[in-house]
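Descriptive analysis of the structure
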Amino acid sequence: MSKQTYNPISKYYHDKFPKQKQPAPALQCEMSPIPDCGEKSYTGHQRLVGRKMLVTGGDSGIGRAAVIAYAKEGADVAINYLPYEQKDAEEVAKVIEAAGRKAVLIPGDLSDETFCKKLVEEAHHKLGGLDNLTLVAGKQTAVEDIMDLTTEQLKKTFEINVFSMFWVTKAALGYLKPGSTIITTSSVQAFQPGANLLDYASTKSAIIAFTRGLAKQLGHKGIRVNCVAPGPVWTPLQICGGQPSEVIPEFGKQTPLERAGQPVELSGVYVHLASEESSYTTAETYGVTGGLHTN
Ligand code: NAD
Ligand code: MG
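Attention here is on the structure that accompanies the text.

Cut-offs used in this document
Residues numbered from 1 in each chain as written. Chains lettered and ligands numbered in written order. Predicted model: local features only at pLDDT ≥ 70, side-chain atom pairs only at ≥ 80, totals over all residues. Heavy atoms only, no water. Donors = N, O, S within 2.8 Å, 3.2 Å for Na, K, Ca; no water. Helix = DSSP H or I, 4+ residues; strand = E, 2+ residues; numbered from the N terminus. Buried < 20%, exposed > 50% of the residue type's maximum accessible area, 1.4 Å probe, protein only. Phe/Tyr/Trp six-rings, centres within 6.5 Å; stacked < 30°, edge-to-face > 60°. Patch = residues over 30% accessible without salt bridge, like charges linked within 9 Å, V, L, I, M, F, W, Y side chains within 5 Å. Areas by Shrake-Rupley, 256 points an atom, 1.4 Å probe, with all protein chains shown as cover. Salt bridge = Lys/Arg side-chain N within 4 Å of Asp/Glu carboxyl O.

Distances from the magnesium ion (ligand 2) to its protein donors, Asp59 (OD), Ser60 (OG) and Glu85 (OE), fall within 2.1 to 2.2 Å. Spacing between the donor residues of the magnesium ion (ligand 2) along their common chain follows D-S-x24-E. Placement of the pair is Asp59 in the loop between β1 (52-56) and α1 (61-72) and Glu85 in the loop between β2 (76-81) and α2 (86-98), with a sequence separation of 26 residues. The exposure classification of Asp59 matches that of Glu85, with both residues buried.

What follows is the structure, encoded as structure tokens:
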């Protein structure tokens, strides 16, 4: 029988999104529709058997999709998130455990350097090793006018999106070995910044530079560093101030594929970059943008 065909435009939700707003950080379990992070739709193929991964932002959205795929590919996973997101994180732990893998939940604030060190120590200790950092956590708060962008927001966005990558990486380097991987998460915003996301887009460009520079620094150790740059993806980030509320119904419609992506559509790229099959790839950025492209 020939393989069933599909249409990428209609494969996932492509209607208007219902208007909705939550305070940050938003809970995925209260969104409508609930994003698809691969709970049922992702099938593993033993590509990460026995690996030990630490994923920030692993409770929801794109991080959750990476976590679920990693577990279904055979990895044990520690996930970090904010304490308020405990309910989302516990849902993810159930999916990891149903895949027969170990789930380690480590809530805490990545804008705190001391916590970043503690996070890595605890992940390494409870997983019994560490082979991968998947750095997905991020803050995005739309502000129309630079004059209204507070120094407080500017600092927080850089601390969470950029500084935490330095702190977590420094804490982990003593544990990573040849064959280990680091995956960062930038955005199409690094290449095509929106007028209302000046601070966020600047951090996403910094993440590209960090990825490329770190890859050069760590190449001789056999540690690869790559980046994923998503386009518009249906996640909690967007409905808690990431976008102005009024544009939520049309979110993603401006892409050539005429819809927002679902987190599970990023899963394959994270798995590829974490696994041995990408052994000659480092310092790269993989775009998953619905056609908005990354340069
Ligand atoms: P999300 O809300 O599901 O994930 C963001 C996560 O960041 C939260 O779950 C939270 O756990 C974590 N976080 C925020 N502040 C934190 C802090 N101080 N300490 C610890 N954790 C903190 O949304 P998402 O869209 O899946 O976002 C994941 C990544 O994808 C972000 O880096 C975002 O910039 C990037 N991204 C998203 C889109 C999109 O359209 N959704 C597009 C491009 C890039
Ligand atoms: Mg979350």
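What follows is about the packing of aromatic side chains. Tallied over the entire structure, the rule returns six aromatic pairs. Taken together, a centroid distance of 3.8 Å and an interplanar angle of 5° make the contact between Phe17 and Trp234 stacked. A residue pair is termed long-range when its members are at least 10 positions apart, and Phe17 in the segment before β1 and Trp234 in the loop between β6 (224-230) and α6 (264-274) qualify at 217 residues. Trp234 matches Phe17 in its accessibility class, with the two residues each being buried. Here Phe17 and Phe251 contribute two aromatic rings whose centre-to-centre distance is 6.5 Å and whose plane-to-plane angle is 50°, an arrangement assigned as tilted.

Looking now at a nonpolar patch on the surface. On the surface, Ile146, Met147 and Leu198 cluster together into a nonpolar patch covering about 350 Å² of accessible area. Residue position: Leu198 is located in helix α5 (residues 198-218). Taking relative accessible area as the criterion, Leu198 reaches 41% and is therefore assigned partly exposed.

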